[in-house]
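Survey of secondary and tertiary structure
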Amino acid sequence: MSYKTIISAKNLIENINNPNYRLFDCRCDIKDTAYGLEAYNEGHIPGAIFVDIDNDLASEKTPTSGRHPLPNIEVIVNKLSKWGVSGDTQAVIYDDAGGAFASRMWWIMRWLGHDNVAVLDGGIGSFISMGHKLTSDHSQIVPSHFVPSASDEMHVDVEEVENVQYQLDRILIDARSKERYLGIKDPVDNVYGHVPGAISSPLGLNLDKNGFFRSSEELKLHFSKLLGEIKPENVISMCGSGITACHNLLAMEIAGFKGAKLYVGSWSEWITNPSRPIAKSD
């Protein structure tokens, strides 16, 4: 069986020694760049490979880009090959933040044409809660050959986003916290507010009180209320820099809404041009 959205800890544990599985640790703290690797070295799920959000899943920031531009395809493909990923690999990605960071790698792999990729529901905590221990050992990975089939239809540029507010059949959904969206407080970006016309849907709404994804039925109801009559393929997901926006895209996939697009640059790109309009709370 292949997993294409999320996988439970139970199902992962049943396949923990499956040679066709590759595990990736995407733990991250945007305020502490050393946290992810330190946490991985202290203890990770056996067989997992550490993937750095800033250095592995993004290319270098430019004066006009967001904080996390898409990685160079050749570079990320080489890394995936080095990490032992091939066309039939089942990739499983986890973090300790409800999938907020793991979903970025999920989206990256989908963008590159690899569908057998899933986020561990409940993250590393769900693995530990089932009585399984972490390890500090680094597994020896046999390199493979990953062949990409990147789809530019999965993301949009800033020019397209600029036009969304004038198109009644399209919608922009913002995954940032309500405070950041409203322009009340922003611990990351020095310009507060949101893109005019964007609808707030913080990623936390995709999770239950225990940090697991809500059921497909609950997520379907949530996004149906947001979208109304708008088709999923006319939805654009954004956040601060194209990381947590992938969480909404994953949640939509779980709900059965396919084809929504990522605004990679997101708010951190939008504010690089002071002529772009900004909306705030009253």
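Refer to the structure above for everything that follows.
Now for a look at the structure at hand. (Residues numbered from 1 in each chain as written. Predicted model: local features only at pLDDT ≥ 70, side-chain atom pairs only at ≥ 80, totals over all residues. Heavy atoms only, no water.)

Core analysis: the largest hydrophobic core is formed by 55 residues, its most contacted members being F24, L80, I93, M105 and W107. Among the secondary structure elements, those contributing two or more residues to this core are α3 (73-82), β4 (90-94), α4 (102-111), β5 (117-120), β7 (171-174), α8 (216-227) and α9 (245-255). At 8 residues, the largest contribution of residues to this core is made by α9. Contacts of F24, omitting those with residues within four sequence positions, involve I49, V51, W83, V85, A91, V92, I93, Y94 and M105. (Core = buried A, V, L, I, M, F, W, Y, C linked by side-chain atoms within 4.5 Å. Buried < 20%, exposed > 50% of the residue type's maximum accessible area, 1.4 Å probe, protein only. Helix = DSSP H or I, 4+ residues; strand = E, 2+ residues; numbered from the N terminus. Contact = heavy atoms within 4.5 Å.)

Quick look at the layout of surface pockets now. A volume near 530 Å³ is recorded for the largest pocket. Taken together, 28 residues form the lining of the largest pocket, with I30, R67, F101, R180 and V188 sitting closest to its centre. Residues of the lining of the largest pocket, tallied by class, amount to 13 nonpolar, 8 polar and 7 charged. (1 Å grid on protein atoms, 1.4 Å probe; cavity = no way out; pocket = protein on both sides within 12 Å on 5 of 7 lines; lining within 4 Å. Points joined across faces, edges and corners; volume = space filled by probe spheres on them. Nonpolar A, V, L, I, M, F, W, Y, C, P; charged D, E, K, R; others polar.)

It is worth spelling out the side chain of D25 at this point. Of note, D25 is situated in strand β2 (residues 21-25). For D25, a relative accessible area of 0% puts it in the buried group. At a separation of 2.8 Å, a polar atom in the side chain of D25 contacts the side chain of Y94. Those residues in contact with D25 that sit more than four places away from it in its chain are Y40, H44, A48, I49, F50, V51 and Y94. (Polar contact = N/O pair within 3.5 Å; in protein donor to acceptor, adjacent residues only side chain to side chain.)

This part takes up empty space enclosed by the protein. Unoccupied space between atoms shows up once a probe the size of one water molecule is rolled over them. One pass over the full model with this rule turns up 2 cavities of 30 Å³ or more. Along its surface, the largest cavity is lined by R27, C28, D29, D32, T33, G36, L37, F50, D52, I53 and D54. Grouping the amino acids of the lining of the largest cavity by side-chain chemistry returns 4 nonpolar, 2 polar and 5 charged. Estimated volume of the second largest cavity: approximately 40 Å³. D95, G98, G99, V119, L120, D121, G122, G123, L207, G211 and F213 together form the lining of the second largest cavity. For the lining of the second largest cavity, a count of residues per class yields 4 nonpolar, 5 polar and 2 charged.

What the 5 strands build is an open sheet, ordered β1-β5-β4-β2-β3; its pairing is parallel. Looking at the sheet topology across the chains shown, the edges are occupied by β1 (6-7) and β3 (48-50). Sheet analysis places β1 next to β5, joined by 2 bridges and oriented parallel. Each residue of the ladder has a partner; that of I6, found in β5, is V119. Across the sheet, helix α2 (residues 35-42) lies against β2 and β3, angled at about 150° from β3, the strand it touches most. (Pairing = 2+ DSSP bridges. Axes fitted to C-alpha atoms, helices over the stretch in contact; angles between N-to-C directions.)

By themselves, these are just geometric observations and shouldn't be taken as functional.
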